[in-house]
Amino acid sequence: MAAHNDLGKWGEDRAADYLRSLGYTIVARDWKSGHRDIDIVAIDGDTMVFVEVKTRSNRNYTDPEQAVDYFKLRNLQSAINHYIKYFHVDRDVRFDVVTVVGTMGAAAPEFNHLTDVPLY
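Here's what I pulled together on the structure shown here.

Reading guide: rules and limits
Residues numbered from 1 in each chain as written. Predicted model: local features only at pLDDT ≥ 70, side-chain atom pairs only at ≥ 80, totals over all residues. Heavy atoms only, no water. Helix = DSSP H or I, 4+ residues; strand = E, 2+ residues; numbered from the N terminus. Rg over C-alpha atoms; globule rule 2.2 N^0.38 Å. Contact = heavy atoms within 4.5 Å. Areas by Shrake-Rupley, 256 points an atom, 1.4 Å probe, with all protein chains shown as cover. Lys, Arg positive; Asp, Glu negative; His and termini not counted. Charge placed at Lys NZ, Arg CZ, Asp CG, Glu CD. Core = buried A, V, L, I, M, F, W, Y, C linked by side-chain atoms within 4.5 Å. Buried < 20%, exposed > 50% of the residue type's maximum accessible area, 1.4 Å probe, protein only. Pairing = 2+ DSSP bridges. Axes fitted to C-alpha atoms, helices over the stretch in contact; angles between N-to-C directions. Phe/Tyr/Trp six-rings, centres within 6.5 Å; stacked < 30°, edge-to-face > 60°.

Okay, the overall build of the protein chain next. The helix and strand inventory of the protein chain stands at 2 helices and 5 strands. Taken over the C-alpha trace, the protein chain has a radius of gyration of 14 Å; the compact-globule value for 120 residues is 14 Å, and the two agree within 12%. Dimensions of the protein chain, computed from C-alpha atoms along their principal axes, come out at roughly 40 × 30 × 25 Å. Restricting to contacts in the protein chain with at least 6 residues of sequence separation, those with at least 24 account for 59%. Accessible area of the protein chain: about 6,900 Å², with a carbon and sulfur share of 49%. Within the protein chain, one finds 14 positive and 18 negative side-chain charges whose respective centroids are separated by 4 Å.

Bringing the nonpolar core into the picture now. Side chains of a nonpolar character, in soluble globular proteins, are inclined to be buried together. Counting 17 residues, the largest nonpolar core has Ile38, Val41, Met48, Phe50, Tyr83 and Phe95 as the members making the most contacts within it. When contributions to this core are tallied by element, the ones reaching two or more residues are strand E1 (25-33), strand E2 (36-44), strand E3 (47-56), helix H2 (70-86) and strand E4 (93-101). Considering every element that reaches this core, the biggest residue donor is H2, with 5 residues. Not counting the four nearest positions on each side in its chain, tyrosine 83 is found in contact with Val27, Trp31, Ile38, Val41, Met48, Phe50 and Val89. Membership of the second largest hydrophobic core comes to 14 residues, among which are Trp10, Ile26, Ala42 and Val53.

What the 5 strands build is an open sheet, ordered E1-E2-E3-E4-E5; its pairing is mixed. The two strands at the open ends of the sheet, each matched to only one other strand, are E1 and strand E5 (110-114). Here the strands of the sheet are splayed against their neighbours by 30° on average, with no regard to which way each runs. As paired elements, E3 and E4 share 9 bridges and run parallel to each other. Across the sheet, valine 53 pairs through a bridge with valine 98, a residue of E4. Contacting E1, E2, E3 and E4, H2 runs over the sheet at an angle of about 60° to E2.

This brings us to the packing of aromatic side chains. Counted under the stated rule, the structure contains 8 aromatic pairs. When the ring of phenylalanine 50 is compared with that of tyrosine 83, the centres are 5.4 Å apart and the planes differ by 80°; the resulting orientation is edge-to-face. In this pair, phenylalanine 50 is assigned in strand E3 and tyrosine 83 in helix H2, connecting sequence segments 33 residues apart. Like phenylalanine 50, the residue tyrosine 83 is buried in the burial classification. Among the aromatic residues, ring-to-ring pairing joins Trp31, Phe50, Tyr83, Tyr86 and Phe87 into one connected group.

Nothing here speaks to function; it is all geometry.
Written out as structure tokens, the structure is:
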């Protein structure tokens, strides 16, 4: 596996741990809809939360939040709609972005949690 894939997997693991620490229940990870995927599906209270995770080793070039652009949002919207229809989701839903900045094995990576991000 390429180093950036390893870093991404590490970041998703840290993001899942972070969300659990906030009381979220993780329902699914890396759920696939064709060539699109949802990094984390979680429950927060009565709300189903679809989470995109972006991991970077540092902020030297760009902030990881900037990687969630128009095209990424369109793909996520399609995958989320598929998930909702496939599993007959009948509850409030929301889309969050969690960014993780740090190096693999770092004891305390930096998290930024953006909640209720619009998908347009």
